[in-house]
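Given next are the chains, with one letter for each unit.
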Amino acid sequence: IKLSIGTKQADDADGQFNSPQGLAFDHHRGLLLVSDTNNHRVQVFSCDDGSFVSKLGEEGSQPGQFYYPYGLAIDHDHDRILITDQANNRVQSWSLSDQSFLSCIGKYGPRDLQFSSLRSIAIDKHHHRIIVADSNNDRLVFLSSIDLSLLFEVGGNEGSQPGEFKYPSGIAIDHDRHRIIVCDTFNHRVQVLSLIDGSFLLEFGSQGDQPGQFKFPHGVCIDNQGRIIVADTNNRRLQSFTHEGHHISSFDCGSEGIWRVAFDEHRGLIAFSAGNRVHVIGANQWLADT
């Protein structure tokens, strides 16, 4: 482990966490953003030494306040941070430059632009879209990155057939192959969908603790070789796979459940959240040619 941020003890002091979840690298500025979920804020750290830089948000339901923020995505094209405000059932947009609140959309429910337990968020640069995991509604929702208007949905009926979900949580975009990678958490598998229309392409994994199996996977990212890295939450490990879903190797993350994982292609770093801490490892020490 290259560096660790926070302690095992839950704390609301700057640089400390209470159940950190979402992670995102701002590779332009050399920063790591962390959704400090149970403290209802987002914290920003230096990638160099893990030092605290700034924080945004506070507990509440007004614009610019959070109630269990979860997923994070950096949108450099629009100079903004996108945050899933989980218990407020909305997506918030903040300025990346000055970290001020910009806008929010969504409310509770199962209908259009309504959400229930939003988790991950990802940006589809090819089609100018934002994709969110609307977990309790068992669907992915596709929004316009221009005005956050609804485009279409995938899923929506709980199930275990291809293209169906049971609490989809982590999502990542494989831009090189025009695919969406989804942690289908309660089905203990990963599904791969077309980035064009969300249609099913392939799946891998099953419930268990053997290599290539999962117990409630929650997070996923793509490295610069197109390998899929999964936060295998209840097995307390990271697992890496080829883009076809073949197991490569595992990384033991210790005694705490691991929630989210992010990759910084500019610095070759992998960050993951576990317990009340965030750890950063040099990706090349685990995966060759990263």
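This is a predicted model, so every value here is computed, not measured. (Residues numbered from 1 in each chain as written. Predicted model: local features only at pLDDT ≥ 70, side-chain atom pairs only at ≥ 80, totals over all residues. Heavy atoms only, no water.)

S.K.: Please explain the sheet that holds strand S14 (residues 139-144) as it appears in this structure.
M.R.: Within a sheet, each strand pairs with its neighbour through backbone hydrogen bonds, oriented either parallel or antiparallel. Pairing within the open sheet is antiparallel, and its 4 strands lie in the order S12-S13-S14-S15. The open sheet has two edge strands with one neighbour each: strand S12 (118-124) and strand S15 (150-155). Here the strands of the sheet are splayed against their neighbours by 20 degrees on average, with no regard to which way each runs. Two elements, S14 and S15, share 5 bridges in a ladder whose sense is antiparallel. Paired with Phe-142 across the strands is Phe-152, a residue of S15. (Pairing = 2+ DSSP bridges. Helix = DSSP H or I, 4+ residues; strand = E, 2+ residues; numbered from the N terminus. Axes fitted to C-alpha atoms, helices over the stretch in contact; angles between N-to-C directions.)

S.K.: In this structure, what is going on with the pairing of strand S13 (residues 129-134)? I would like to understand it.
M.R.: Across a regular strand the side chains alternate sides, sitting on one face of the sheet and then on the other. Of all 6 residues in S13, 6 are buried, a share of seventy percent or more. Residues Arg-129, Ile-131 and Ala-133 line one face of S13 and the alternating positions Ile-130, Val-132 and Asp-134 line the opposite face, and both faces are buried. Two elements, S12 and S13, share 5 bridges in a ladder whose sense is antiparallel. Its bridge partner lying in S13, Ile-123 is registered against Ile-130. Counted along the chain from S12 to the antiparallel partner S13, the turn is 4 residues long, and its residue His-128 has a positive phi close to 55 degrees. Of the pairings in the sheet, the one linking S13 to S14 comprises 6 bridges and is antiparallel in character. The residue of S14 that forms the bridge with Ile-130 is Leu-143. The antiparallel hairpin formed by S13 and S14 contains 4 residues in its connecting segment, where Asp-138 sits at a positive phi of about 55 degrees. (Buried < 20%, exposed > 50% of the residue type's maximum accessible area, 1.4 Å probe, protein only.)

S.K.: Please clarify how the packing of aromatic side chains should be interpreted in this entry.
M.R.: Aromatic ring pairs are defined here through the distance separating the ring centres and the angle between the ring planes. The final tally for this structure, using the stated rule, is 13 aromatic pairs. Judged by centre distance (4.8 Å) and plane angle (50 degrees), the ring pair of Tyr-67 and Tyr-68 falls under tilted. Tyr-67 sits in the partly exposed class, given a relative accessible area of 34%. Geometrically, the ring pair formed by Tyr-167 and Phe-186 is stacked, given 4.9 Å between the ring centres and 15 degrees between the ring planes. Here Tyr-167 is found in the loop between S15 and strand S16 (168-174), whereas its partner Phe-186 is found in the loop between strand S17 (179-184) and strand S18 (189-194), with 19 residues between them in sequence. Among the aromatic residues, those joined into a ring-pair cluster are Phe-17, Phe-45 and Phe-52. It is Arg-119 that lies over the ring of Tyr-70; its NZ or CZ is 4.2 Å from the centre. (Phe/Tyr/Trp six-rings, centres within 6.5 Å; stacked < 30°, edge-to-face > 60°. Lys NZ or Arg CZ within 6 Å of the ring centre and 35° of its normal.)

S.K.: Explain the pattern of salt bridges to me, please; I cannot follow it from the model alone.
M.R.: Note on pairing: side chains with opposite charge can pair once their charged atoms come close. The final tally for this structure, using the stated rule, is 17 salt bridges. Taking the shortest distance from any N to any O, the salt bridge between Arg-189 and Glu-203 comes out at 3.2 Å. Pair noted here: Arg-189 is in strand S18 and Glu-203 is in strand S19 (residues 200-204), with a separation of 14 residues, a long-range link. Accessibility expressed as a relative area gives 4% for Arg-189, which makes it buried. For Asp-223, the salt bridge goes to Arg-227, with nearest N and O atoms at 2.7 Å. Here Asp-223 matches Arg-227 in class, with each residue buried. Sharing partners across several salt bridges, the network here consists of Asp-26, Arg-29 and Asp-79. (Salt bridge = Lys/Arg side-chain N within 4 Å of Asp/Glu carboxyl O.)

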